[in-house]
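# Residue-level structural notes
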Amino acid sequence: MIYLASALILLWLLVTLYVITMVTRQRRLERDMALLKEQLQERRR
Amino acid sequence: MANVTLEMKEQSKMQMSWADVGLMVLDVAAALALVALVWAALLYAKPAANLAGDEQLAQRIFYFHIGNVTAAFLGFVVSLVGSVGYLVRRQLGWDRLAHAGIELGVIFGAGVLLSGSIWAKPTWNTFWTWDPRLTTAAITVLIYVAYLLFRNGIDNRHSRALFSSIYALFAFLSVPLTYYSARWFRTIHPVVFNGSNAEAQGDFGIGATMSQTLMVATLAYTLLFAALLIHRWRQLRLEDELTELMEELY
């Protein structure tokens with residue numbers, strides 16, 4: 001039972017960590033995009 | 001110019017396109033298929049008749065192992081398509097496809113090695129042995145890890161895409177080698193599809209419920225792979241767009 005349980009936990013952990021990394025990258029990209037937008041608006045003024 | 005491009009991007013971001021809805025449907029389908037796989041692998045599939053105890057329970061890891069194999073294989077095939085596409089068309093979209101494919105191939109490839117090692121402990125009494133199949137699989141994953149490291153070392157986007165595409169073409173040679181290693185060389189790894197291996201340890205016959213569960217595993221991991229690939233490809237596109245805008249501005 002221990003082998004089956006540990007395999008399942010580790011496999012889902014692997015995919016979950018990858019998804020978390022993707023979400024973090026996406027947030028950073030959106031933050032950078034917003035910052036760029038602000039800088040452009042400042043330039044217009 | 002940068003102002004107009006950014007405004008256009010902002011406007012298109014506000015509207016939810018059919019592609020977004022399609023991707024959301026794919027996400028939900030992948031999640032449901034994975035739930036179905038857990039149920040089928042743990043409850044529906046009959047246990048292997050020739051195994052007992054821990055070995056019999058660990059056999060159920062096989063369904064997730066095959067799912068990961070499918071997704072890793074798809075990742076490497078997508079990387080081949082993306083690399084050939086870039087070399088022919090010289091458009092960065094193809095390179096992004098190859099990059100996303102390899103990233104997922106490495107993740108699921110690591111899943112293959114991990115699940116295989118855990119299955120091996122009660123079956124072969126060791127987590128790892130330098131068997132031809134295990135060795136070629138580990139080398140394949142490492143070759144693709146090296147691809148990701150190699151990419152990071154090149155700043156110019158087109159040079160990076162060109163050299164990465166050439167690297168990925170050669171790297172793909174390790175994929176068929178891994179598949180055929182259990183057929184060409186002496187190995188204790190079972191051959192499940194299109195053949196058999198008399199020296200395999202931990203081999204088992206596949207009954208009706210097992211083969212149905214395998215189909216669910218293949219479908220679930222294919223959907224998961226497709227959903228993650230599209231998300232990652234889009235993210236890489238956004239990263240490139242942001243870099244382009246920065247370059248225009250500064």
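Residues numbered from 1 in each chain as written. Chains lettered and ligands numbered in written order. Predicted model: local features only at pLDDT ≥ 70, side-chain atom pairs only at ≥ 80, totals over all residues. Heavy atoms only, no water.

### Let's talk about the environment of B:Gly105
Residue and element names in this part refer to chain B. Note that Gly-105 resides in helix α5 (residues 92-124). Judged by relative accessible area, which is 0%, Gly-105 ranks as buried. C-alpha of Gly-105 to C-alpha of Phe-73: the two residues are 32 residues apart in sequence and 6.8 Å apart in space. (Helix = DSSP H or I, 4+ residues; strand = E, 2+ residues; numbered from the N terminus. Buried < 20%, exposed > 50% of the residue type's maximum accessible area, 1.4 Å probe, protein only.)

### Details of the pattern of salt bridges
All names here are of chain B. In this structure the tally under the stated criterion is 8 salt bridges over all chains. For the salt bridge of Asp-95 with Arg-151, the shortest nitrogen-to-oxygen distance reads 2.9 Å. With a gap of 56 residues between them, Asp-95 in helix α5 and Arg-151 in helix α6 (residues 132-152) connect regions that are remote in the sequence. Both residues of the pair, Asp-95 and Arg-151, count as buried. A salt bridge links Arg-232 to Glu-103, with the shortest nitrogen-to-oxygen separation between them at 2.7 Å. Of this pair, Arg-232 sits in helix α9 (residues 208-249) while Glu-103 is found in helix α5, placing the two residues 129 residues apart along the sequence. (Salt bridge = Lys/Arg side-chain N within 4 Å of Asp/Glu carboxyl O.)

### What about the packing of helix α1 (residues 2-44) of chain A against helix α4 (residues 61-89) of chain B?
With their axes 10 Å apart at the nearest point, α1(A) and α4(B) run at an angle of 25° to one another. The pairing of α1(A) with α4(B) is recorded here as roughly parallel in orientation. In the crossing of α1(A) with α4(B), the sense of the turn from one axis to the other is left-handed. Of α4(B), the residues touching α1(A) (which contributes A:Tyr3, A:Leu4, A:Ala7, A:Leu8, A:Leu11 and A:Trp12) are B:Ile61, B:Phe64 and B:Asn68. Broken down by class, the residue content of the contact of α1(A) with α4(B) amounts to 8 nonpolar, 1 polar and no charged. (Axes fitted to C-alpha atoms, helices over the stretch in contact; angles between N-to-C directions. Parallel < 35°, antiparallel > 145°, perpendicular 65-115°, else oblique. Left-handed = near helix turned anticlockwise from the far one by under 90°. Contact = heavy atoms within 4.5 Å. Nonpolar A, V, L, I, M, F, W, Y, C, P; charged D, E, K, R; others polar.)

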